[in-house]
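Structural description and commentary
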Amino acid sequence: MLAVGAIAFVYTVVMAGGTLTIPLYVLWASQFGFGSLTTVVVFIAYVVGVVGTLLVAGSLSDAVGRRPVLALSLALTALSTVGFALADGLTVLLISRVLSGVATGLITATATSAIAELVRGRRTAAVLSTAANVGGLSLGVVAAGVLAQCVTAPTHTVFWCYLATCAVAGVVWLVIPETADKTAGRSVRWQPRIRRPVLPDGASRVRSFVASGVLVAASSGVNGFFSSLAPAFLRDDLGVSNFAVIGVGVGTLFISALLAQTVTPAALVRRDIGTALLAVGMIVIEAALWTHSAPLFIVGTVSAGAAVGTLFRHGLSVTDALCDPGNRAELTATYFLFLYSGLVGPVLVLGLADQAVGTRASSTMLAALVVSTALVGLVLGRRTESTSTPDTFSRPSTHRTPVEENHE
């Protein structure tokens with residue numbers, strides 16, 4: 001349990017770095033003179049770092065081991081943090097955001113795989129992994145908001161404080177053992193090249209995996225909104241100027257997602273429930289923005305966050321059920337590729353539309369895009385169920401049934 005806790009702690013710390021910047025965008029926009037579209041570009045730089053790393057190095061830990069990749073991720077997180085603390089312009093912000101994305105791309109598949117290799121039971125492993133992932137996201141944005149409200153020079157002080165946390169995580173890393181199967185995945189030498197995303201074997205397995213990927217990509221559109229432009233929307237449309245309140249408001253999404261993953265009974269972790277919560281959440285958030293209602297915004301955020309957590313946990317469980325020991329990190333990386341790719345399109349549309357037609361119309365477009373994408377994933381998942389036979393998932397070992405038995 002000590003090893004699992006150590007991996008989860010390092011995972012949480014690195015993920016927190018991905019959202020630490022969210023409440024500070026409005027300050028940087030004022031200091032460096034950029035608007036909503038540039039804010040989106042800075043956020044997308046992070047996504048580019050994540051996606052590029054998943055494509056090039058998603059299977060790295062299968063070849064060289066989990067422990068070295070965890071250390072590399074933590075080191076890059078610390079380097080990006082120094083960049084943020086010393087940033088004197090947009091260029092440094094972009095470089096630091098890319099480095100932060102690379103660190104996230106390295107740790108998502110690696111830490112998730114390491115936890116699955118140490119914890120007995122797919123459900124428990126999925127809950128622990130998602131709790132560390134989303135728990136880190138929520139801690140990052142809330143802590144940054146509270147610190148930004150309480151300290152002087154928040155765009156510097158927040159990151160120096162976080163760097164100290166990274167140092168603690170470095171000490172914790174020392175107790176992490178190597179968990180990768182030394183015979184299954186490390187017989188082939190890893191080479192840095194762009195790898196085609198892998199899919200599980202079998203048409204029905206592919207449909208099940210892709211359905212989960214499309215749904216998590218849809219929920220990522222919500223994450224993207226809250227991770228880039230939500231602070232500006234809270235300030236400009238809802239009149240919220242307190243950084244701590246902004247941090248908690250945005251963090252509510254991630255906290256709700258975390259609770260959905262860790263508290264919700266397994267029988268309720270289903271595609272249809274997640275999609276329904278997503279649709280309701282987006283509709284209520286839209287109503288809040290049109291009526292300038294902060295309470296409505298919180299209600300919609302809770303619903304959308306529960307949807308994000310439900311769909312993420314379901315998809316991660318499906319992915320784990322379809323993994324072979326030798327390609328666990330590689331298939332997990334493909335799943336996270338769906339997740340982070342889903343951030344780019346909706347957020348870019350939101351940034352462009354916000355400048356062209358305004359906040360209300362652009363947010364409505366985002367809601368429509370997110371919900372329609374989720375419906376595509378839901379239909380694809382239903383098709384998988386209708387075309388499956390009892391033997392569809394009868395592959396030996398880990399490939400019995402990918403969670404549909406329990407969750408659908």
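Predicted model only: the values in this text are computed from it and were never measured. (Residues numbered from 1 in each chain as written. Predicted model: local features only at pLDDT ≥ 70, side-chain atom pairs only at ≥ 80, totals over all residues. Heavy atoms only, no water.)

1. As for the overall build of the chain
So the rule is basically this: A run of H or I in DSSP counts as a helix once it spans at least four residues, and a run of E counts as a strand once it spans at least two, with each numbered from the N terminus. Accessible area is worked out with a 1.4 Å probe on protein chains only. A residue is then buried under 20% of its type maximum, exposed over 50%, and partly exposed in between. The contact criterion used throughout is that any non-hydrogen atoms of two residues lie within 4.5 Å. Each accessible area is a Shrake-Rupley estimate made with a 1.4 Å probe; only the visible protein chains count as cover when residues are assessed.
Scanning the chain from terminus to terminus reveals 16 helices and zero strands. When burial is assessed residue by residue, the chain has 58% of its 408 residues classed as buried. If you take every contact in the chain between residues at least 6 apart in sequence, the share linking residues at least 24 apart comes to 86%. Roughly 15000 Å² of accessible area belongs to the chain as shown, and the carbon and sulfur atoms make up 67% of that amount.

2. Here's the deal with the packing of aromatic side chains
We apply this condition: Between rings of Phe, Tyr and Trp, where Trp is taken as its six-membered ring, a pair exists when centres lie within 6.5 Å; planes separated by under 30 degrees are stacked, by over 60 edge-to-face, and by other angles tilted. Criterion for a charge above a ring: Lys NZ or Arg CZ within 6 Å of the ring centre, and within 35 degrees of the ring normal.
This structure, assessed with the given rule, holds twelve aromatic pairs. Ring centres of phenylalanine 225 and phenylalanine 226 lie 5.2 Å apart, and the angle between their planes is 80°; this geometry places the pair in the edge-to-face category. The buried category is assigned to phenylalanine 225, whose relative accessible area is 3%. Every member of this aromatic cluster is reached through a ring pair, and the members are Tyr25, Trp28, Phe84 and Phe159. Here the basic side chain of arginine 67 rests over the ring of tryptophan 173, its NZ or CZ set 4.0 Å away from the ring centre. In this structure, arginine 97 is placed above the aromatic ring of tyrosine 46, and the distance from its NZ or CZ to the ring centre is 4.3 Å.

3. Quick look at helix 2 (residues 25-32)
Counted only if it meets this: As used here, the arc is the angular range of directions from the helix axis to the C-beta atoms.
Taken together, the buried positions of helix 2 are Tyr25, Val26, Trp28 and Ala29. The buried side chains of helix 2 occupy one side of the element, clustering within an arc of 165° when seen end-on. Just downstream of helix 2, glycine 33 is the residue with a positive phi angle, here 70°.

4. Details of empty space enclosed by the protein
Unoccupied space between atoms shows up once a probe the size of one water molecule is rolled over them. Let me state the cut-off plainly: Within this scheme a cavity is a closed region of a 1 Å grid, computed over the protein atoms alone, that accommodates a 1.4 Å probe without allowing it to escape, whereas a pocket is open but has protein on both sides within 12 Å along at least five of seven lines; lining residues each have an atom within 4 Å of a point. Grid points are joined across faces, edges and corners, and a volume is the space filled by probe spheres set on the points.
Across all of its chains, the model carries six cavities of 30 Å³ or more by this definition. Estimated volume of the largest cavity: approximately 200 Å³. Listed by contribution, the elements that provide at least two residues to the lining of the largest cavity are helix 1 (2-19), helix 3 (36-57), helix 7 (122-150), helix 9 (203-228), helix 11 (243-262), helix 13 (294-321) and helix 14 (328-357). Ranked by the residues each element gives to the lining of the largest cavity, the list is headed by helix 9, at four residues.

5. Points about the pattern of salt bridges
Side-chain pairing between opposite charges can occur once the charged atoms of the two side chains come close. The condition that has to hold: Salt bridge, as used here, is a side-chain nitrogen of Lys or Arg placed within 4 Å of a carboxyl oxygen of Asp or Glu.
With the rule as written, the count across this model stands at four salt bridges. Connected through shared salt-bridge partners, Asp62, Arg66 and Glu117 make up one network.

6. Observations regarding the packing of helix 3 against helix 6 (residues 90-118)
To be explicit about the condition: Helix axes use the C-alpha atoms of the stretch in contact, all axes being lines fitted to C-alpha atoms, and the angles between their N-to-C directions lie in the range 0 to 180 degrees. Crossing chirality is assigned from the near helix's rotation relative to the far helix, an anticlockwise turn below a right angle marking it left-handed and a clockwise turn marking it right-handed. Here the term charged refers only to Asp, Glu, Lys and Arg, the term nonpolar to Ala, Val, Leu, Ile, Met, Phe, Trp, Tyr, Cys and Pro, and the term polar to all other amino acids, Gly among them.
Contact geometry of helix 3 with helix 6 gives a least axis separation of 7 Å together with a crossing angle of 35°. By crossing handedness, the relation of helix 3 to helix 6 is classed as right-handed. Contacts from Thr38, Val41, Val42, Phe43, Ala45, Tyr46, Gly49, Val50, Thr53, Leu54 and Ala57 of helix 3 reach helix 6 at Leu90, Leu94, Arg97, Val98, Ser100, Gly101, Val102, Thr104, Gly105, Leu106 and Thr108. In the contact of helix 3 with helix 6, the residues fall into 13 nonpolar, eight polar and one charged.

7. Observations concerning the packing of helix 1 against helix 8 (residues 154-173)
Rule in force here: Any angle between 65 and 115 degrees counts as roughly perpendicular, while under 35 counts as roughly parallel, over 145 as roughly antiparallel, and the rest as oblique.
At their nearest, the axes of helix 1 and helix 8 sit 9 Å apart, and the two run at 155° to each other. Here helix 1 is positioned roughly antiparallel relative to helix 8, judged by the angle of their axes. Both helix 1 and helix 8 take part in a crossing whose hand is left-handed. Residues Ala6, Phe9, Val10, Val13, Val14, Ala16 and Gly17 of helix 1 form the contact with helix 8, whose own contacting residues are Tyr162, Thr165, Cys166, Val168, Ala169, Val172 and Trp173.

8. Remarks on a nonpolar patch on the surface
Stated formally: Patch membership is restricted to residues that have no salt bridge and whose relative accessible area is over 30%. Joining uses 9 Å for like charges and 5 Å for the nonpolar side chains Val, Leu, Ile, Met, Phe, Trp and Tyr.
On the surface, Leu2, Val171, Leu174 and Val175 cluster together into a nonpolar patch covering about 410 Å² of accessible area. Here valine 171 lies in helix 8. Looking at valine 171, the relative accessible area reads 54%, which means it is exposed.

9. What about unusual backbone geometry?
Although it is not a glycine, alanine 153 sits at a positive phi angle of roughly 50°. Its relative accessible area of 41% is what places alanine 153 among the partly exposed residues.

10. Let's talk about the side chain of threonine 112
We count it as follows: As used in this structure description, the phrase polar contact means that two N or O atoms lie within 3.5 Å; if the pair is within protein, one of them must be able to donate a hydrogen and the other to accept it, and residues adjacent in sequence are counted only when both atoms belong to side chains.
Assignment of secondary structure puts threonine 112 in helix 6. At 3.3 Å, the side chain of threonine 112 forms a polar contact with the side chain of tyrosine 11. Only 2.6 Å separates the side chain of threonine 112 from the backbone oxygen of threonine 108, close enough to count as a polar contact. Not counting chain neighbours up to four residues away, the residues in contact with threonine 112 comprise Tyr11, Ile107, Ser129, Leu316, Thr332 and Phe336.

11. What about the environment of valine 134?
Residue position: valine 134 is located in helix 7. Judged by relative accessible area, which is 5%, valine 134 ranks as buried. Separated by 175 residues in sequence, valine 134 and glycine 309 have C-alpha atoms that sit 8.1 Å apart. Among all residues touching valine 134, those that are not within four sequence positions of it are Phe254, Ala257, Leu258 and Gln261.

12. With respect to the confidence of the model for the chain
A low pLDDT score tells you not to read the predicted coordinates there in detail. Short version of the rule: As a per-residue measure, pLDDT tells how confident the predictor is, with possible values from 0 to 100.
For the chain, per-residue confidence averages 84 on the pLDDT scale, and residues scoring 70 or more make up 90% of the total. Of the regions scoring below 50 in pLDDT, residues 386-408 engages in 56 contacts with residues more than four places distant in sequence or in other chains.

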